[in-house]
Amino acid sequence: MPIDTTAKVQEYKDTLIKKAEQLIIQGFPEKIVELNELLDTPMFSERNFTEVHQDLNIPVPDPILVNNNGSEAAAAAADGGDADQPAAKRARTETPCGTKVMYLASGSVPCNTPLCEMIKVVKPIIRKLVEDSNLLKMWISFMIPKIEDGNNFGVSIQEDTLAEIQTVESEAAAFFDQISRYFLSRAKVVSKVAKYPHIDDYRRAVVELDEKEYLSLWLVVCEVRNRYSSLHDIVIKNMEKLKKPRSSNAESLY
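Small disclaimer: the values here were computed from a predicted structure and weren't measured.

Some words on the environment of leucine 115
1) Next: Note on placement: leucine 115 falls in helix α4 (residues 113-143).
2) Next: For leucine 115, a relative accessible area of 0% puts it in the buried group.
3) Next: As a C-alpha pair, leucine 115 and glutamate 51 span 64 residues in sequence and 9.4 Å in three-dimensional space.
4) Next: Contacts of leucine 115, omitting those with residues within four sequence positions, involve Val52, Tyr182, Asp210, Glu213, Tyr214 and Leu217.

Focus on the packing of α4 against helix α6 (residues 200-237)
The axes of two packed helices give the description: the angle between them and the distance between them.
1) Next: Remark: α4 packs on α6, axes separated minimally by 10 Å, with the N-to-C direction vectors making an angle of 25°. As summarised for this structure, α4 and α6 are arranged roughly parallel, according to the angle between their axes. Where α4 crosses over α6, the handedness of that crossing is left-handed. Taking contact as the criterion, the partners of Leu115, Met118, Ile119, Val122, Ile125, Ile126, Lys128, Leu129, Asp132, Ser133, Leu136 and Trp139 in α4 are, on α6, Asp210, Glu213, Tyr214, Leu217, Val220, Val221, Val224, Arg227, Tyr228, Leu231 and Val235.
2) Next: Of the residues assigned to the contact of α4 with α6, the class counts are 17 nonpolar, one polar and five charged.

Things to note about helix α1 (residues 3-39)
1) Next: Here α1 contains 37 residues, and its C-alpha end-to-end distance of 50 Å stays within 8% of the 54 Å for a straight helix at 1.5 Å per residue.
2) Next: Of all the bends in α1, the largest measures some 45° and sits at leucine 23.
3) Next: Taken as a whole, α1 has its buried residues at Leu16, Ile17, Ala20, Leu23, Ile24, Phe28, Lys31, Ile32, Leu35, Leu38 and Leu39.
4) Next: The elements touched by buried residues of α1 are α2 (42-45), α4, α6 and α7 (239-243).

Observations concerning the nonpolar core
1) Next: Of all hydrophobic cores here, the largest spans 44 residues; its most connected members are Trp139 and Val224.
2) Next: When contributions to this core are tallied by element, the ones reaching two or more residues are α1, α4, α5 (153-195), α6 and α7.
3) Next: The contacts of tryptophan 139, once residues within four sequence positions are left out, are Leu16, Ile17, Ala20, Glu21, Ile24, Val235, Met239, Leu242 and Lys243.
4) Next: Grouped together as the second largest cluster of nonpolar side chains are seven residues, Ile58, Val190, Val193 and Ala194 included.

Looking at the packing of aromatic side chains
1) Next: For the structure on display, the rule yields five aromatic pairs.
2) Next: Consider the rings of tyrosine 12 and phenylalanine 142, whose centres lie 6.2 Å apart with planes at 85°: the pair is edge-to-face. In this pair, tyrosine 12 is assigned in helix α1 and phenylalanine 142 in helix α4, connecting sequence segments 130 residues apart.
3) Next: When the centroid spacing of 6.1 Å and the interplanar angle of 25° are considered together, the rings of tyrosine 196 and tyrosine 202 count as stacked.
4) Next: Under the relative-accessibility criterion, tyrosine 202 is labelled partly exposed at 27%.

Criteria and cut-off values
- Residues numbered from 1 in each chain as written.
- Predicted model: local features only at pLDDT ≥ 70, side-chain atom pairs only at ≥ 80, totals over all residues.
- Heavy atoms only, no water.
- Helix = DSSP H or I, 4+ residues; strand = E, 2+ residues; numbered from the N terminus.
- Buried < 20%, exposed > 50% of the residue type's maximum accessible area, 1.4 Å probe, protein only.
- Contact = heavy atoms within 4.5 Å.
- Axes fitted to C-alpha atoms, helices over the stretch in contact; angles between N-to-C directions.
- Parallel < 35°, antiparallel > 145°, perpendicular 65-115°, else oblique.
- Left-handed = near helix turned anticlockwise from the far one by under 90°.
- Nonpolar A, V, L, I, M, F, W, Y, C, P; charged D, E, K, R; others polar.
- Expected span 1.5 Å × (residues − 1).
- Bend = angle between axes of the 7 residues up to and from the residue.
- Core = buried A, V, L, I, M, F, W, Y, C linked by side-chain atoms within 4.5 Å.
- Phe/Tyr/Trp six-rings, centres within 6.5 Å; stacked < 30°, edge-to-face > 60°.

Next up, the structure:
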């Protein structure tokens, strides 16, 4: 391997280690304080569900009165049949209860504006947790010494901490999926409202889904704050073993 390539790889490792240690000592405490302050803002602290209620812009159309008795009798007479014959032998005519949705006369159905504003705030926080977890994961990976027999207590601490960081990284990535699934679920229920505008349960389902997401976004910020706190705590408490997992064998036995 060329010398300049080896030097660049070592420079990358040294830079990453320096960034990770600075993140632990300074970045994590600052992030914890920042998230605590965010949770105290009206957007997250009040949690008033009525603030995320929003009109769907899908009006309820006027009911259509349908009477098929006369038309059925006329059809039966025209065919030479008996209008009083059992219903099972007569041709069945059904009136659809839904409507085909080609377009909405009142315009498009908007996203929930208050929730979209919250999502704009929450998504960068989630992304930062994923990035910080990844950086911390690589830092500990570089600290793990070569495999040897014995004196591996410090290495087991490194591996346990690494597993905890990987769990946090996976949970943070799942938060993104949760936001995507909210929009998809809401779109499906709104499409039901457009097709069956007279059924109030579908409209209520949209309201319930918005309230659920409102609470979930608050919970996500709390969980991110908690993850930063737990990672900072476990790393600071085991910093010595994480950086030097194996003690020196040169100590005197007497």
